[in-house]
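Here's the letter readout for the chains.
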Amino acid sequence: MWPPKSFTRRVIAEFTHPRKQKRFRQFHFGWIVLLLALAFGAMQFASLVRAWEFTRNKPAAERPTPSRLSKQVSVRAAGRGNPTINLSDGREVLTSYVGPPELQLALEQNSAEPLSLASADFDEDGVPDLVSGYGYQGRGIITILRGNVDSIYPNSPETQQRRAQGQFTDAPFLSPARVFEAPIVADFVGAGDFDGDGHWDVVVASRTSAAMYLLSGNGHGGLQPAKEIPLPGVVTALVTGPAVIFSLCMDVTGSCH
């Protein structure tokens, strides 16, 4: 009879030998790893092709432009605490404006040039607000965006109550922004209690003016009309503290103050 019994016994013995079985398993495992790697590479290549097609079909004005952040960035931790940071894509701050109609229109139509930023709790609700300085037709525009406590503490009882009432928003700032006028282009803005009344104020300075202007805060997110503070020269740098202003001015003789 075929196959002979001796041949059958020899084949069975070779196949059931532990070393043969180990090689057989290693061979199949290697092929499985190779196939998985090829499948992953194919998926990555397909994603790149789709992204390229999507970008190619966009108008040139809408295509992303390279910036400093597109290059490699190195971040070093101090080695204490939790040495991690969380990065996410930026998003546009959508808001409406309340204030002089002409200045509102300039902001809504993007006619004003953004120049400076500062932060303080102008409405005294415990959350920092954002003050922005703009230039528009030789004068300045100041806006104040109120910080949103719900975006910082989304699980607090007050936030949960507003969520149930349909009043919750996770936007970092609350709309509308309040708009104020400044006599000069707001190349520099600073925040502090400069008049000593316990409320945060705003100072505005320009690179082309030998004066800065104080807009006193009322503690409710509003600012008083600007008051002029004469300077010996134009401002080239401005740093503010809680109750102090440090400015570097250059007068016509080239002296610094």
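Residues numbered from 1 in each chain as written. Predicted model: local features only at pLDDT ≥ 70, side-chain atom pairs only at ≥ 80, totals over all residues. Heavy atoms only, no water.

Some points on a nonpolar patch on the surface
Stage number 1. A cluster of nonpolar residues, Trp31, Leu34, Leu35 and Leu38, forms a patch on the protein surface that exposes about 420 Å² of accessible area.
Stage number 2. If you trace the backbone, Leu34 turns up in helix α2 (residues 18-56).
Stage number 3. The partly exposed category is assigned to Leu34, whose relative accessible area is 41%. (Patch = residues over 30% accessible without salt bridge, like charges linked within 9 Å, V, L, I, M, F, W, Y side chains within 5 Å. Areas by Shrake-Rupley, 256 points an atom, 1.4 Å probe, with all protein chains shown as cover. Salt bridge = Lys/Arg side-chain N within 4 Å of Asp/Glu carboxyl O. Helix = DSSP H or I, 4+ residues; strand = E, 2+ residues; numbered from the N terminus. Buried < 20%, exposed > 50% of the residue type's maximum accessible area, 1.4 Å probe, protein only.)

Here we look at the nonpolar core
Stage number 1. Core analysis: the biggest nonpolar cluster contains 18 residues, and Phe122, Val131, Ile142, Val202, Val204 and Leu223 have the highest contact counts within it.
Stage number 2. Elements supplying a minimum of two residues to this core: β2 (113-120), β4 (139-147), β5 (173-182), β6 (188-192), β7 (201-205) and β8 (211-215).
Stage number 3. Here this core takes three residues from β8, the largest share from any one element.
Stage number 4. In contact with Val202, not counting residues within four places along its chain, are Phe122, Val131, Gly190, Phe194, Tyr213, Leu214, Leu215 and Leu223. (Core = buried A, V, L, I, M, F, W, Y, C linked by side-chain atoms within 4.5 Å. Contact = heavy atoms within 4.5 Å.)

What to know about the environment of Gly198
Stage number 1. Mapped onto the fold, Gly198 is located in the loop between β6 and β7.
Stage number 2. Placed 21 residues apart in sequence, Gly198 and Gly219 show a C-alpha to C-alpha distance of 8.2 Å.
Stage number 3. Among all residues touching Gly198, those that are not within four sequence positions of it are Glu124 and Asp193.

Quick notes on the side chain of Asp187
Stage number 1. The topology assignment puts Asp187 in the loop between β5 and β6.
Stage number 2. Here Arg207 takes part through its backbone nitrogen, which lies 2.9 Å from a polar atom of the side chain of Asp187.
Stage number 3. The residues touching Asp187, leaving out its near neighbours within four places in the chain, are Leu115, Ser116, Ala205, Ser206 and Arg207. (Polar contact = N/O pair within 3.5 Å; in protein donor to acceptor, adjacent residues only side chain to side chain.)

Quick look at the pairing of strand β3 (residues 129-136)
Stage number 1. Burial analysis of β3 places seven of its eight residues in the buried class, which makes it a mostly covered element.
Stage number 2. As defined by bridge partners, β3 adjoins β4 across seven bridges and the pair is classed as antiparallel. Bridge pairing in β4 links Tyr136 to Arg139.
Stage number 3. Hairpin connection between β3 and β4: a loop of two residues separates the two successive antiparallel strands, and Gln137 in this loop has a positive phi of roughly 55 degrees. (Pairing = 2+ DSSP bridges.)

A look at the side chain of Ser216
Stage number 1. When you line up the elements, Ser216 lands in the loop between β8 and β9 (227-230).
Stage number 2. Assessed through its relative accessible area of 8%, Ser216 is described here as buried.
Stage number 3. Here Asp195 takes part through its side chain, which lies 3.0 Å from a polar atom of the side chain of Ser216.
Stage number 4. Ser216 has contacts with Asp195, Asp201, Gly222, Leu223 and Gln224, leaving out every residue within four places of it along the chain.

Observations concerning the sheet that holds β6
Stage number 1. In space, the four strands of this open sheet follow the order β6-β7-β8-β9, with antiparallel pairing throughout. For this open sheet the edge positions go to β6 and β9, each flanked by a neighbour on one side alone. The average angle at which neighbouring strand axes cross in this sheet is 25 degrees, direction not considered.
Stage number 2. Strand direction decides the pairing type here: β6 and β7, joined by five bridges, are antiparallel. Residue pairing in the sheet places Gly192 in a bridge with Asp201 of β7. (Axes fitted to C-alpha atoms, helices over the stretch in contact; angles between N-to-C directions.)

Everything listed here is a matter of coordinates, which is why it stays silent on function.
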